[in-house]
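Descriptive structure summary
Here's the letter readout for the chains.
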Amino acid sequence: MKILTAPYIFTPLGFKENQAIVFDKKIIEIGTHQTLEKKYPNAIVTTLPKNSVIYPGFINTHVHLEFSSNKTTLNYGAFVPWLESIIANREVLANNSKAMQEGCKEMLHSGITTFGAVSSYGLDLDVCRTSPQRVVFFNECIGSNPEIIEVLFNDFLLRVDTCESAKSDMLIPAIAIHSPYALHPNIIKKCIALAKERNYPISAHFLESPAEKEWLTAHSGPFKKFFENFLGVSKPVTTIEQFLSHFKDTPTHFIHACEASYDELLILQEGSHSIGHCPRSNKLLGCKRLEIENIQIPWTLATDGKSSNWSLNIFDELRAALMLHPTDDIKELAYRLMGSITHQAADILGVSCGKIKPDMSADFAIVTLPKAPQNPADIALWTILHTNNATQVYIQGERYV
Ligand code: BEZ
Ligand code: FE2
């Protein structure tokens, strides 16, 4: 048993001062260090450096580890040219285990103890299985062309089964539906049926770019040429409404939603869905700002992959979000952002972590502020502005940083 004691702890109810946590693999109790040391005399006590804050380990709900080797290869600025560059370069980029391991390490040092890995080819399974972090492994299904969907779906099922046989409390199988434009409705139905049968979390890219919206609503724009050249089709396989109707009874983590209208957001709200918000990725691929100030449903901040980002460090993403979004109250925005990568993300992925509360996994990201905060209410803001990496990181009670 171990005790961590710090001047500040981030709980779902806000920052608590001068508290300690006793834990083994799970959190056992929170209280003053005097009380806990008396009650658990054999526990190993660590007093954290002054001005330290204990956060629950951070959760990055959306990353594409397979593309971790990209630095200067892909074409940024607009979505369809970027997608074409992914298709042209996926073989060179996607099979680099060392880059994937470095990506996991970069996330770990920034305090990420759980991540949602969208896997296109299953090449990241071993890296995820052996990484210290908890991974929700989103096996991705793609394919809109009825002539080849059978083959693509069988390949997807094989990847799901391989993942299922590697399942543990730290590797959670899940399903990712690529997007409305790249998946045939019959396959979406099969994916959702499988997810329901096995109780898998589901994620899907949704209304990311202006090009996607134009293709789905007006059958025109940059995607028209793309689909004519790539698959010889001039109409999308679905409408937005039809796509969303598949998820009616299945809460899903929709990624991006930058182009979602008021009515589409309402459908997401009625379906108990959530949004993954990747501001740096959106900016680099020529997509709109997600107007988080108008969003009533739960959302998380996530990095996306290095296919559309320069780092997987969650503090880089937090600072970008803080700078990007207009707000009357920057302290409140900072506080919401920290909640989005902890308790909010845990509820969305259905994992027993992300909260400093008894019975939760003992996953901690400890941050040390450069000076004492004048006002404890401002700690989230100081954390985002002054942190590049966590000082210490624990997963299931073991220290990894
Ligand atoms: C498709 O199968 O429709 C598709 C595949 C890759 C990218 C875009 C679309
Ligand atoms: Fe993505």
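Residues numbered from 1 in each chain as written. Chains lettered and ligands numbered in written order. Predicted model: local features only at pLDDT ≥ 70, side-chain atom pairs only at ≥ 80, totals over all residues. Heavy atoms only, no water.

Concerning the coordination of the iron ion (ligand 2)
Surrounding the iron ion (ligand 2) are the protein donor atoms H62 (NE2), H64 (NE2), H205 (NE2) and D304 (OD), which sit 2.1 to 2.7 Å from the metal. Classification of the site at the iron ion (ligand 2) rests on its 4 donor atoms, whose angles at the metal span 83 to 175 degrees, yielding the label irregular. All donors of the iron ion (ligand 2) come from a single chain, and their spacing in sequence reads H-x1-H-x140-H-x98-D. Placement of H64 in the loop between β6 (58–63) and α2 (79–94) and of H205 in strand β10 (residues 202–206) is noted, with a sequence separation of 141 residues between them. Taken as a pair, H64 and H205 share a single burial class, namely buried. (Donors = N, O, S within 2.8 Å, 3.2 Å for Na, K, Ca; no water. Tetrahedral: all angles 85-135°; square planar, octahedral: opposite > 155°, others 65-115°. Helix = DSSP H or I, 4+ residues; strand = E, 2+ residues; numbered from the N terminus. Buried < 20%, exposed > 50% of the residue type's maximum accessible area, 1.4 Å probe, protein only.)

What to know about the site of ligand 1
In the region of ligand 1, the neighbouring residues are I142, G143, S144, Y181, A182, F226, F227, F230 and L231. Within the contact set of ligand 1, an oxygen atom lies 2.5 Å away from a side-chain nitrogen or oxygen of S144. Compared with its free state, where it exposes 260 Å², ligand 1 has 90% of that area covered by protein. Here the residues of the shell around ligand 1 sort into 7 nonpolar, 2 polar and no charged. (Near = heavy atom within 4 Å. Polar contact = N/O pair within 3.5 Å; in protein donor to acceptor, adjacent residues only side chain to side chain. Areas by Shrake-Rupley, 256 points an atom, 1.4 Å probe, with all protein chains shown as cover. Nonpolar A, V, L, I, M, F, W, Y, C, P; charged D, E, K, R; others polar.)

A word on the nonpolar core
F115, I177, F206 and F223 are the most contacted members of the largest nonpolar core, which totals 93 residues. Residue contributions to this core reach at least three from each of two domains, namely domain 1 (2–57 + 355–399) and domain 2 (58–349). Of all hydrophobic cores here, the second largest spans 14 residues; its members include L4, A6, F23 and I356. (Core = buried A, V, L, I, M, F, W, Y, C linked by side-chain atoms within 4.5 Å. Domains from an automatic or database assignment.)

Points about the packing of helix α13 (residues 330–340) against helix α15 (residues 379–386)
Where α13 meets α15, the axes come as close as 7 Å, and the angle between the chain directions of the two elements is 75 degrees. Considering the angle they form, α13 stands roughly perpendicular to α15. Counting all contacts with α13, which are made through I330, K331, A334, Y335, L337 and M338, the residues of α15 involved are A380, L381, T383 and I384. Looking at side-chain class alone, the contact of α13 with α15 contains 8 nonpolar, 1 polar and 1 charged residues. (Axes fitted to C-alpha atoms, helices over the stretch in contact; angles between N-to-C directions. Parallel < 35°, antiparallel > 145°, perpendicular 65-115°, else oblique. Contact = heavy atoms within 4.5 Å.)

Remarks on the side chain of S131
By secondary structure assignment, the location of S131 is in the loop between α4 (125–130) and β8 (134–141). You can call S131 buried: its relative accessible area is 11%. At 3.3 Å, the side chain of S131 forms a polar contact with the backbone oxygen of C128. In this structure, S131 is in contact with C104 and F115, ignoring residues within four places of it in sequence.

Overview of the pattern of salt bridges
Taken as a whole and judged by the stated rule, the model has 16 salt bridges. For K306, the salt bridge identified is with E106, shortest N-O distance 3.2 Å. Pair noted here: K306 is in the loop between β13 (299–301) and α12 (314–324) and E106 is in helix α3 (residues 97–109), with a separation of 200 residues, a long-range link. Its relative accessible area of 10% is what places K306 among the buried residues. E164 is the salt-bridge partner of K167, the closest N and O atoms lying 3.8 Å from each other. Classification of K167 as partly exposed rests on a relative accessible area of 48%. (Salt bridge = Lys/Arg side-chain N within 4 Å of Asp/Glu carboxyl O.)

As for the sheet that holds β8
Pairing within the open sheet is parallel, and its 8 strands lie in the order β6-β7-β8-β9-β10-β11-β12-β13. Each edge of the open sheet carries a strand with a single partner, namely β6 and β13. Neighbour-to-neighbour, the strand axes of the sheet open up by a mean angle of 25 degrees, direction not taken into account. As paired elements, β6 and strand β7 (residues 112–119) share 4 bridges and run parallel to each other. Each residue of the ladder has a partner; that of N60, found in β7, is F115. Of the strands in this sheet, β6 and β7 are in contact with α3, which crosses β7 at around 145 degrees. Running over the sheet, α12 touches β6, β7 and β13 and is turned about 120 degrees from β13. (Pairing = 2+ DSSP bridges.)

Overview of helix α10 (residues 262–270)
Taken together, the buried positions of α10 are E264, L265 and L268. Each buried residue of α10 lies within a common arc of 100 degrees when the element is viewed along its axis, so the set occupies one face. Seen from the open side of α10, the exposed residues pointing more than 90 degrees away from its buried face are Y262, D263 and E270. Buried residues belonging to α10 abut β10, α7 (210–218), α9 (240–245), β11 (253–256) and β12 (274–277). (Arc of directions from axis to C-beta.)

Observations concerning the domain arrangement of the protein chain
Splitting the protein chain by domain gives domain 1 (2–57 + 355–399) and domain 2 (58–349). When each unit is reduced to the centre of its C-alpha atoms, the spacing between domain 1 and domain 2 is 31 Å. Every contact between the two is made by 29 residues of domain 1 and, on the other side, 29 residues of domain 2. Where domain 1 abuts domain 2, roughly 2,300 Å² becomes buried across the two surfaces, and 66% of that area is made up of carbon and sulfur atoms. As a salt-bridge pair, K331 and D378 come within 3.6 Å of each other at their nearest N and O atoms. Applying the counting rule to domain 1 against domain 2 returns 12 residue pairs in polar contact (both at pLDDT 80 or more). Of all the elements in the fold, those that place two or more residues in the side of domain 1 that touches domain 2 are β2 (14–23), β5 (52–56), β14 (364–368), α15 and β15 (392–395). The greatest single-element share of the side of domain 1 that touches domain 2, amounting to 5 residues, is contributed by α15. Class assignment of the residues belonging to the side of domain 1 that touches domain 2 gives a composition of 17 nonpolar, 8 polar and 4 charged. (Buried area = accessible area lost by both parts, 1.4 Å probe.)

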